[in-house]
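The chain contents come next:
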Amino acid sequence: MDGCERYHILKIDVDKPLSKEELDKFISEGRKVIGLYGYRTLKVRAHRSNHGWHIWVHIEPSVTYETLILLQHLFGDDERRTYYNIMRSRFKYRYKFNILFNYKLPLRKTVTP
Amino acid sequence: MPVTFYEIDAETGDEIIAFTRRGETVIMLRDAYTKRFIRRLYGVVAEVTNVFEYPPYYAKRSNPLYVDVKVGTYIPVEHIQQYKEIVDKFKEGSFGIINEFFGPDIARQSRIAGVEYTHIEPYIEPEAIYPEYVYYAIWHHYKNDEKEEKGYGRL
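Residues numbered from 1 in each chain as written. Chains lettered and ligands numbered in written order. Predicted model: local features only at pLDDT ≥ 70, side-chain atom pairs only at ≥ 80, totals over all residues. Heavy atoms only, no water.

A. Region of interest: the confidence of the model for chain B. Across chain B, pLDDT averages 86, with 95% of residues at or above 70. Overall fold confidence for the complex sits at a pTM of 0.86, while the interface term, ipTM, reaches 0.85. (pLDDT = per-residue confidence, 0-100.)

Next comes the structure, spelled out in structure tokens:
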């Protein structure tokens, strides 16, 4: 992967304890929003995470990294995650860090040196 | 058939399961909703991410620092039963990589952000098949000091 790669899976991190019905509504609203820009949703998979949900949205056609991050944000991705994804967009190995963890360790507050 | 490995694929949202059938370990990719098998796999990519974050609102003298280090390996089917021990080794190893680039102070304050498993083939590098590994490091210090590194090592 050399920087001109294309992606077709949006990875959404929702840090809110949504119920199943709320999640369905969240996904259908997100699908409508990205549908307005001409992207078709092929498959959606959602799994519970520590704080909420992780959602994988398979879309068509495939997009560049920058568009992927914007679509993720439009779908309702975590703002902090979007911020770091945009910050990494200048890097060659950026695709390695758009991640949803299977197993996440508890946060430890960074100590001021 | 007891399932010895069950993880969600961090790239696609499908399930990766391993079980023993007639004395042979089998890894399968399975759809999470329909539970239908998609295809057979011969290994899994396990990656540990280590993060150091000293954001601008804490940093004094305009000296914020953000470091992301990811250490990964392709675990072939014959080693899949020991995947927890392998991941534990990588958790320790990721601190060593931050130590190498930034010194012990930063390494001590970094934290393991999480572990992920995937099967995507472009992520499988021949140089990074267990016990060898690949690491990616990205850091952003200030505007003109941002860099990325990739390297290989052996456990």
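B. Representation of the nonpolar core. Ranked by size, the top nonpolar core spans 35 residues in total, and within it B:F5, B:I27 and B:Y117 carry the most contacts. Residue assignment for this core shows that the elements contributing at least two residues are β2 (15–21), β3 (24–30), β5 (43–54), β6 (65–76), α1 (83–102), α2 (104–109), β7 (111–118) and β8 (132–142) of chain B. With 29 residues, the next largest nonpolar core counts A:V14, A:L23, A:F97 and B:A128 among its residues. (Core = buried A, V, L, I, M, F, W, Y, C linked by side-chain atoms within 4.5 Å. Buried < 20%, exposed > 50% of the residue type's maximum accessible area, 1.4 Å probe, protein only. Helix = DSSP H or I, 4+ residues; strand = E, 2+ residues; numbered from the N terminus.)

C. Molecular detail of the sheet that holds strand β3 (residues 53–63) of chain A. Residue and element names in this part refer to chain A. The strand order across the open sheet built from 3 strands is β1-β3-β2, with neighbouring strands paired in antiparallel fashion. At either end of the open sheet lies a strand with only one pairing partner, and these are β1 (7–14) and β2 (40–48). With direction set aside, neighbouring strand axes in the sheet form an average angle of 20°. One ladder, built from 7 bridges, connects β1 with β3; its direction is antiparallel. The residue bridging Y7 from the neighbouring strand is V63, located in β3. (Pairing = 2+ DSSP bridges. Axes fitted to C-alpha atoms, helices over the stretch in contact; angles between N-to-C directions.)

D. Just the interface of chain B and chain A, in detail. If you look at the interface, chain B gives 44 residues, while chain A gives 35 residues. Interface area, chain B with chain A, both sides summed: about 3800 Å², of which 55% is carbon and sulfur. One can count 8 salt bridges joining chain B with chain A. Two residues, B:D68 and A:R88, come together in a salt bridge whose shortest N-O distance is 2.8 Å. Inspection of the chain B/chain A interface yields 16 residue pairs in polar contact (both at pLDDT 80 or more). (Contact = heavy atoms within 4.5 Å. Buried area = accessible area lost by both parts, 1.4 Å probe. Salt bridge = Lys/Arg side-chain N within 4 Å of Asp/Glu carboxyl O. Polar contact = N/O pair within 3.5 Å; in protein donor to acceptor, adjacent residues only side chain to side chain.)

E. Quick peek at the pattern of salt bridges. Counted under the stated rule, the structure contains 22 salt bridges over all chains. Residues B:D14 and A:K43 are paired through a salt bridge, measuring 3.3 Å at the closest nitrogen-oxygen approach. Highlighted residues: B:D14 in the loop between β1 (3–8) and β2 and A:K43 in strand β2, drawn from two different chains. With a relative accessible area of 3%, B:D14 lands in the buried category. Of the charged contacts in the structure, one is a salt bridge between B:R154 and B:E132, with a shortest N-O distance of 2.8 Å. Remark: B:E132 occurs in strand β8 and B:R154 occurs in strand β9 (residues 145–154); sequence separation between them is 22 residues.

F. Region of interest: the side chain of A:R94. All names here are of chain A. As for its placement among the helices and strands, R94 is situated in the loop between α3 (79–87) and β4 (103–104). By relative accessible area, which is 6% here, R94 ends up buried. Separated by 2.8 Å, the side chain of R94 and the backbone oxygen of S89 make a polar contact.

G. Inspection of the packing of helix α1 (residues 20–36) of chain A against helix α2 (residues 65–75) of chain A at higher detail. Residue and element names in this part refer to chain A. Their axes nearest at 8 Å, the elements α1 and α2 cross at an angle of 135°. Between α1 and α2, the interaxial angle falls into the category oblique. The element α1 and its partner α2 pack so that their crossing is right-handed. Between α1 and α2, the contacting residues are F26, I27, G30, R31, V33 and I34 on the first element and L71, L74 and F75 on the second. In terms of residue class, the contact of α1 with α2 is built from 7 nonpolar, 1 polar and 1 charged. (Parallel < 35°, antiparallel > 145°, perpendicular 65-115°, else oblique. Left-handed = near helix turned anticlockwise from the far one by under 90°. Nonpolar A, V, L, I, M, F, W, Y, C, P; charged D, E, K, R; others polar.)

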